[in-house]
Amino acid sequence: MVYCNIGSPKDVHSVQADDGQGIGLFRSEFLYLATNDYPSEEEQFKAYEEVATAMNGKRVVIRTLDIGADKQVEYFNLQKEENPAMGVRAIRICLNRPEVFRTQLRALYRASAFGKVAIMFPMITSVWEVKECKWACKAVMAELDAEGIPYNKDTELGIMIETPASVFVADALAKEVDFFSVGTNDLTQYTLACDRQANDLGKFFDPHHPAVLRALKIAADAAHAAGIWIGICGELGADLSLLETFLAIGIDELSVSPSSVLPLRAEIRKSIAKTCTLKMLEC
Ligand code: PEP
Ligand code: MG
């Protein structure tokens, strides 16, 4: 399956023009970055509903807030940190600020009545974090039930695999969720101890490193052992030179920028006919 990454509802027309089979990563941060104050539930709902409706039953994976690190939002008043990429970012902010999380989850669940919405949590390192996310979802569903607001009770919940910790405990995490999506940008950064923002790391920032590819294989095996699907939504997903490796590993979905869909699909057709090479073992 070839899905698309988008950053706002405006991008949906490119997904349709390039024939993406779904949206594998809708970065919800744009809503928070574009304003001077927390976006309301209604503002968020409108954005998610617009995308879900436009995609007409195709899966739309919406990632919950992933700010902090390189994406600073003033009104959050986050403390200055020495190493923000390893600081209070993404799911850590949501779990520390239940009201912010609740507002987003309510908007997401309400949008789930209008299409095939899936919710994805970023920067997971531990099983307890996922359990807390699921409790927050349950609380929101109970609220919507009490208010008589429609939503999809079977909304898929997934996590991003983008920290080495999540790879090491992937077997336990897989039992908690419906899917994994590998964020190779951050996974490469944290696995290789290479800041993804640094311009001078050159060949040291190497997403083809066997450690990164082995991490993908470990996560894929854990996902499949638990009967869930796994995709890649980091930039590596569009790397045609690794396509056969991804297929051999058993990656079920690649989510790329809309302009990469057609070349990727052409390559998939070609490579399905060929013997796969496991680059991962070439180390
Ligand atoms: C990733 O880390 O690969 C990813 C898709 O998330 P982002 O680039 O938005 O951090
Ligand atoms: Mg990331």
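Above this text you will find the structure in question.
Summary of the structure given here. (Residues numbered from 1 in each chain as written. Chains lettered and ligands numbered in written order. Predicted model: local features only at pLDDT ≥ 70, side-chain atom pairs only at ≥ 80, totals over all residues. Heavy atoms only, no water.)

### What about the pairing of strand β5 (residues 156-161)?
Then, in step 1: Burial analysis of β5 places six of its six residues in the buried class, the great majority of the element.
Then, in step 2: The alternating pattern of β5 places E156, G158 and M160 and L157, I159 and I161 on opposite faces, both of which are buried.
Then, in step 3: Judged from the four bridges that link them, strand β4 (residues 116-121) and β5 form a sheet pairing that is parallel. Bridge pairing links A118 to E156 in β5.
Then, in step 4: Assessed by its sense of winding, the connection that carries the chain from β4 through helix α6 (residues 127-147) to β5 is right-handed.
Then, in step 5: The sheet contact formed by β5 and strand β6 (residues 179-182) spans four bridges and is parallel. Counted as the bridge partner of I161 is V182 from β6. (Buried < 20%, exposed > 50% of the residue type's maximum accessible area, 1.4 Å probe, protein only. Helix = DSSP H or I, 4+ residues; strand = E, 2+ residues; numbered from the N terminus. Pairing = 2+ DSSP bridges. Right-handed = clockwise from strand over helix to strand, strands pointing away.)

### Concerning unusual backbone geometry
Then, in step 1: The residue N77 is not glycine, and still its phi comes out positive at about 50°.
Then, in step 2: Topologically, N77 is positioned in the loop between β3 (59-63) and α4 (91-96).
Then, in step 3: Positive phi outside glycine occurs at A90, with the angle close to 50°.
Then, in step 4: Within the element layout of this structure, A90 appears in the loop between β3 and α4.
Then, in step 5: Judged by its relative accessible area of 0%, A90 is buried.

### What to know about the packing of helix α3 (residues 41-54) against helix α5 (residues 98-111)
Then, in step 1: Orientation of α3 relative to α5, taken along the N-to-C sense of each, is 35°, at an axis distance of 8 Å. Seen from above, α3 lies across α5 with right-handed handedness. The segment α3 lies against α5, with E41, E42, Q44, F45, Y48, E49 and A52 engaging T103, Q104, R106, A107, L108, R110 and A111.
Then, in step 2: Of the residues that constitute the contact of α3 with α5, the class distribution is six nonpolar, three polar and five charged. (Axes fitted to C-alpha atoms, helices over the stretch in contact; angles between N-to-C directions. Left-handed = near helix turned anticlockwise from the far one by under 90°. Contact = heavy atoms within 4.5 Å. Nonpolar A, V, L, I, M, F, W, Y, C, P; charged D, E, K, R; others polar.)

Interpretation note: all reported values are geometric properties and have no functional meaning in isolation.
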